[in-house]
Amino acid sequence: MASATTGATRDAFGEKLAELGAAEPRLVVLDADLGGSTRTTAFMKKFPERRFELGIAEQNMIGAAAGLALGGKIPVATSFACFLTGRLETIRVCVAYNRTNVKLVGTHAGIGIGDDGPSQMALEDVAAMRALPGMTVLQPADRAETRQAVEWMVRHDGPVYLRLTRQNVPEIHEPGYRFEFGKLDPLWPKDPEAEPDLPSLAFAPPNGKPRRQAAILATGGVVSNALEAAKDLQSRGFLARVFNVHTLHPIDAEGVVRAARASQRLVTVEDHNLAGGLGSAVAEALAAAGQATPLVRLGLSDFAESGTTEELYAKYGLSASHIVEAALRNLA
Amino acid sequence: MPAAATEAPTLDSLRRLTRAFRVEILRMIEAAGSGHPGGSLSAIDFLTVLYFRDYLNVDPKNPSDPNRDRFILSKGHCVPALYCVLAHKGFLPVEELRTLRKFGSRLQGHPDRRRLPLIEANTGSLGQGLSIALGLALSAKLDRAPWQVFCMTGDGEIQEGQIWEAAMAAPKFKLGNLTWIVDYNQVQQEGLTKDQMDLAPLKDKLAAFNWHTQEIDGHDLDAIDRALAAARKVTDRPKAIILRTIKGKGVSFMELQTAWHGKAPNKEQADKAVAEIEGGRR
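Conventions and cut-offs
Each chain carries its own residue numbering, running from 1 in the written order of its sequence. Chain labels run from A onward and ligand labels from 1 onward, assigned in the order the entries are written. Thresholds applied to this predicted model are a pLDDT of at least 70 for local features of residues and 80 or more for the giving and counting of side-chain atom pairs; totals over whole chains, interfaces and linings are not thresholded and use all residues. Only heavy atoms go into the side-chain values, all of them from the structure, while hydrogens and water stay out. When DSSP finds at least two bridges between two strands, those strands are taken to pair. Secondary structure elements are taken from DSSP: a helix is a run of H or I of four residues or more, a strand is a run of E of two residues or more, and numbering for both begins at the N terminus. Crossovers are described as right-handed under a simple rule: with the strands pointing away from the observer, the path leading from the first strand over the helix to the second runs clockwise. Should any heavy atoms of two residues lie within 4.5 Å, those residues are considered in contact. Two parts lose some accessible area (1.4 Å probe) when they are put together, and adding that loss for both gives the buried area. Throughout this description, the term salt bridge denotes a Lys or Arg side-chain nitrogen within 4 Å of a carboxyl oxygen of Asp or Glu. Helix span, expected: 1.5 Å multiplied by one less than the number of residues in the helix. Partly exposed describes any residue whose relative accessible area lies between the buried limit of under 20% and the exposed limit of over 50%, with all areas from a 1.4 Å probe on protein chains only and scaled to the type maximum. In this scheme Phe, Tyr and Trp rings, the latter by its six-membered ring, pair at centre separations within 6.5 Å, and the angle between planes marks the pair as stacked below 30 degrees, edge-to-face above 60, and tilted otherwise.

Asks: How should I be thinking about the pairing of strand β14 (residues 295-300) of chain A in this particular structure?
Replies: Remember that side chains alternate between the two faces of the sheet whenever the strand is regular. All names here are of chain A. Across 5 bridges, the pairing between strand β13 (residues 265-273) and β14 is parallel. Bridging from a neighbouring strand, Thr268 pairs with Arg297 of β14. Assessed by its sense of winding, the connection that carries the chain from β13 through helix α11 (residues 278-288) to β14 is right-handed.

Below, the structure written as structure tokens:
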């Protein structure tokens, strides 16, 4: 790990937004009575005239954001991911069909939010957003990445959905990390040059026993679990490569296929429903390329419950031990 | 922007124009073989005054002027009326009107700014246009820009919750640059508005939400002219003009008939309707 410190990606979003406000006068922010939670408070304090409180009325907030974009502004509309993307039909017409330059920022994604329970846990938002033509879907894995993703989002001309965590997550990137839109982010092993990038079944390890490769593709709050799993696998003599998928849509199909060709097994991990999220996007990329690498998808298939993030990830199959098990299935 | 200035056509000449527009709308929808004549005919009198008495500051020679006024047709299915006015105002060729709803046409069945940039916002999913108009008005206010925003909804679409969200928000932001026009034509797809989900008393409701409200006969060009002039003087809060209208206005067999919400007339029906309009029965 680059750093033992932890923090929520929503915090980094709020800080970066307030910072960008000075250089970008077109930036405006809309909230639906959750600005404290989505961390737009810092922007509001610096630029009160450019921050609009719309009340608990997300549809109108999204429509108003579209209007502001048509007026030449760069509107950032925030709420919990579920309440924001739950207004799918309004997003479909006001944002996607009108192709307005609206930035939708959904915090409190997935079961990782913990105690608040299923009504607050967005688990279908990525599927819904990536079904909309012209929409870009981003999910950064730590604060350093979030800051760069926010900057990219504000500069990008077009609709973006940014998915953020409520819970604290470890910093997984080294200082100097550069966010590269649309590309898989290879996280592990740290020195990819030391690893043969070949479609071979095995390569000779020091102890003479064959080690086989799995590629783990993870996104958002569970990327650190994937890293933990990779280290566990290494201690057992298996090499697992870990890719952080910050750009969920459009997914880096070439990168996915390249990772698959170099692996015996792919595992996707997401705090999102299995239907339509990262695992689906990876499966689509593999199928389109005729790439038959076995794929295990870890994600949700039902509503969850209240608990701590750790308890919920353990029960619903997203913890490091589940990832290890998925990577080893049929490989050991 | 002086309205009703020396160059603006007189209301008498506009009366003749609205008859020609009604004929045009019916012929467009007849040629298309599908469409929504009822709501187009109820809206056309207002649109004619808005565009031709220069209450809407737009210029066919400079259609993308950043300081132009914006008109959002939230009841997107009535876009034949808007296409008709835009064409006769000089924004697009009149001959193009007969391409309505045809494959490859810029004149889509519902407004589409990606194909026709004159359109300020794509609409057609009812209840969304007022929010977009509100956002545009916020943008203009933030820039201290002079342009105004007008949004026309139907009556049926006010049943959408999003309308009431926008209705709450516009007075909060004191959007004196926003005018909401309700084409209260009393009929929606499956029946009378008062039976499907009654809105009455709409004027009282909007007044209670702190809108400046006027309710007028939406087919009386003088009343429309006066209402738009009065609304322009109000600058401290959003303004609503409720048009009491008749769906299918001008064609006896279409008036207040649910069946003519979304049905194209065939040639015989269109001929009959046109003869009635051109005969000046009304």
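Next comes the rest of the write-up.
Asks: Sorry, what's going on with the interface of chain A and chain B here?
Replies: Interfaces are often sized by the accessible area lost when the parts come together. With 27 residues of chain A at the contact, the number on the chain B side is 24 residues. Regarding the contact of chain A and chain B, the summed buried area is about 2100 Å², with carbon and sulfur atoms giving 56% of it. Contact with chain B buries surface across chain A, with A:Asn60, A:Leu70 and A:Tyr97 losing the most and accounting together for 28% of the total. The tally of links between chain A and chain B comes to 1 salt bridge. The partner of B:Asp143 in a salt bridge is A:Lys73, with the nearest N and O atoms 2.6 Å apart.

Asks: Sorry, what's going on with helix α8 (residues 221-233) of chain B here?
Replies: Three- or four-residue spacings in an α-helix give side chains the same orientation, since the helix completes a turn every 3.6 residues. Residue and element names in this part refer to chain B. Over its 13 residues, α8 runs 19 Å from end to end, which matches the ideal 18 Å to within 8%, given 1.5 Å per residue. What α8 keeps buried is the set Leu221, Ala223, Ile224, Asp225, Ala227, Leu228 and Ala231. Of the surrounding secondary structure, the elements contacted by the buried residues of α8 are α1 (11-32), α2 (37-52), β2 (149-154), β6 (212-217) and β7 (239-244).

Asks: Even after reading the chapter, I still don't get the packing of aromatic side chains, so can you show me in this structure?
Replies: When we look at a pair of aromatic rings, we describe it by the centre distance and by the angle of the planes. All names here are of chain B. Under the counting rule described, the total for this entry stands at 9 aromatic pairs over all chains. With a centroid separation of 6.1 Å and an interplanar angle of 80°, the aromatic rings of Tyr51 and Phe71 are classed as edge-to-face. Here Phe71 lies in strand β1 (residues 70-73) and Tyr51 lies in helix α2, a separation of 20 residues in the sequence. A centroid spacing of 5.8 Å and a plane angle of 70° characterise the contact between Phe253 and Trp260, whose relative ring orientation is edge-to-face.

Remember, this is a structural readout, not a statement about activity or role.
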